[in-house]
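Each chain, letter by letter, is given below.
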Amino acid sequence: MTTLKTSLGISKADPALLFELIEELGKGSYGSVYKARQKGTGEIVAVKMISLEEDEGLDDIKIEIEILKKCKHKNIVKYIGTYFKEETLWIVMEYCGGGSVSDLCQILEKGLSEQQIAAIMYGSLEGLNYFHSNRKIHRDIKGGNILLTDKGDVKLADFGVSAQLTKTMSKRNTFIGTPYWMAPEVIQDYQNYDSRADIWSLGITAIELAEIVPPRCDIHPMRVLFIIPKKEAPKLKNARNYSKEFNDFIAKCLVKNYEKRPKAKQLLKHPFIKKGRKFLKGNILFDLVEDVNQLV
Ligand SMILES: COc1ccc(Nc2ncnc(-c3cccnc3Nc3cc(NC(=O)c4cccc(C(F)(F)F)c4)ccc3C)n2)cc1
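Residues numbered from 1 in each chain as written. Predicted model: local features only at pLDDT ≥ 70, side-chain atom pairs only at ≥ 80, totals over all residues. Heavy atoms only, no water.

> Any chance you could explain the environment of Leu267 here in plain terms?
Of note, Leu267 is situated in helix α11 (residues 264-267). Given the relative accessible area of 2%, Leu267 is considered buried. Considering only alpha carbons, one finds Leu267 and Asn75, 192 residues apart in sequence, at a separation of 16 Å. Leu267 has contacts with Leu125, Ile199, Phe249, Lys252, Cys253, Pro262 and Ile273, leaving out every residue within four places of it along the chain. (Helix = DSSP H or I, 4+ residues; strand = E, 2+ residues; numbered from the N terminus. Buried < 20%, exposed > 50% of the residue type's maximum accessible area, 1.4 Å probe, protein only. Contact = heavy atoms within 4.5 Å.)

> Would you mind showing me how to read the packing of aromatic side chains here?
Aromatic rings in a pair are described by how distant their centres are and how their planes are angled relative to each other. Summed over all chains, the structure comprises 5 aromatic pairs. Taking the centre distance of 5.3 Å and the plane angle of 75° together, the rings of Phe19 and Tyr83 count as edge-to-face. Here the residue Phe19 occupies a position in strand β1 (residues 19-28), and Tyr83 occupies one in strand β4 (residues 79-85), the gap between them amounting to 64 residues. Of the residues examined, Phe19 reaches a relative accessible area of 2% and is grouped as buried. Note on Tyr242 and Phe246: the rings are 5.6 Å apart at their centroids and 75° apart in plane angle, and the pair reads as edge-to-face. You can call Phe246 buried: its relative accessible area is 0%. Three or more aromatic residues link up through ring pairs in this structure, and these residues are Tyr242, Phe246, Phe249 and Phe272. Between Lys142 and the ring centre of Trp181, over which it is positioned, the NZ or CZ distance is 5.8 Å. (Phe/Tyr/Trp six-rings, centres within 6.5 Å; stacked < 30°, edge-to-face > 60°. Lys NZ or Arg CZ within 6 Å of the ring centre and 35° of its normal.)

> Mind showing me how you'd approach a nonpolar patch on the surface here?
Together, Ile107, Leu295 and Val296 line one region of the surface with nonpolar side chains, adding up to about 300 Å² of accessible area. Mapped onto the secondary structure, Leu295 falls in helix α13 (residues 284-295). (Patch = residues over 30% accessible without salt bridge, like charges linked within 9 Å, V, L, I, M, F, W, Y side chains within 5 Å. Areas by Shrake-Rupley, 256 points an atom, 1.4 Å probe, with all protein chains shown as cover. Salt bridge = Lys/Arg side-chain N within 4 Å of Asp/Glu carboxyl O.)

> Would you mind showing me how to read the pairing of strand β5 (residues 88-94) here?
Burial of β5 is extensive: 7 of the 7 residues sit out of reach of the surface. Examined bridge by bridge, strand β3 (residues 44-51) and β5 share 7 bridges and lie antiparallel to one another. In the sheet register, Val45 faces β5, and the bridge partner there is Glu94. Sheet topology places β4 next to β5; 6 bridges connect them, and they run antiparallel. (Pairing = 2+ DSSP bridges.)

Following this line, the structure appears as structure tokens:
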């Protein structure tokens, strides 16, 4: 534990004195996540509590904290600090009041509008472009890992461990991303792919936000692993109901041969994304979070 503390810069303060837990946000195999208030400032934060009884998963936690400490970008969830109390690690992040964009679709019980999706795609691509230029691959881009703040800002997160329960075991018996969003090259050669695997997942996420669920969600996750590399790239069910730009953006993300698939930097110049940037500045996602908060 001392190595973990020193190597990760874990604070010596007692977190229970600094944070007052408000409500539980989620539960996973690792522990629980709470909405909490920082007593000094009154700031609302999210706290992931991980019990360290067993030594397993320590490496994953170390990797997660190292990544979070280095990621400083407006479109990546902000890291506040890590604390330790009674064999439990507290990882504290900024709180995003809108929850995940996939939560929003479920609450609204309908797909998002093209303008809302364009704004979310723009914010996600900015975050991915930062991530990729720091030679990192997210590996689990989906609606459940894209958060909105109360102000309508887009933040990439990774609830990886919590989603571990829905992750599929790979041939090598290691957990891999949620299959519906997985790029063909990741399934076919799990050791050899690049940042464009996240671009494929973003294209699947665009369809998920329009149709509430990802393509092929009615097929068993293990079967989907065989179908994705074999079948042609998915499209919007009612493509005619959407603009040419939206359909073209999805087609460019879902190019099956990843060497021909555009990178985040190129896609930031796409007409659909340029529109998304304007909508984001026009507070379209602030209105969306407001509408949903009125419903719940
Ligand atoms: C169900 O309703 C809600 C309402 C609001 C929220 N808001 C919210 N805001 C902030 N965080 C969370 C959260 C929810 C469930 C699990 N973890 C959450 N945040 C969190 C994320 C992490 N880690 C990462 O997001 C992470 C880990 C590795 C890499 C990366 C990335 F690649 F994106 F940089 C990000 C660590 C600790 C915590 C508390 N949830 C969530 C659900």
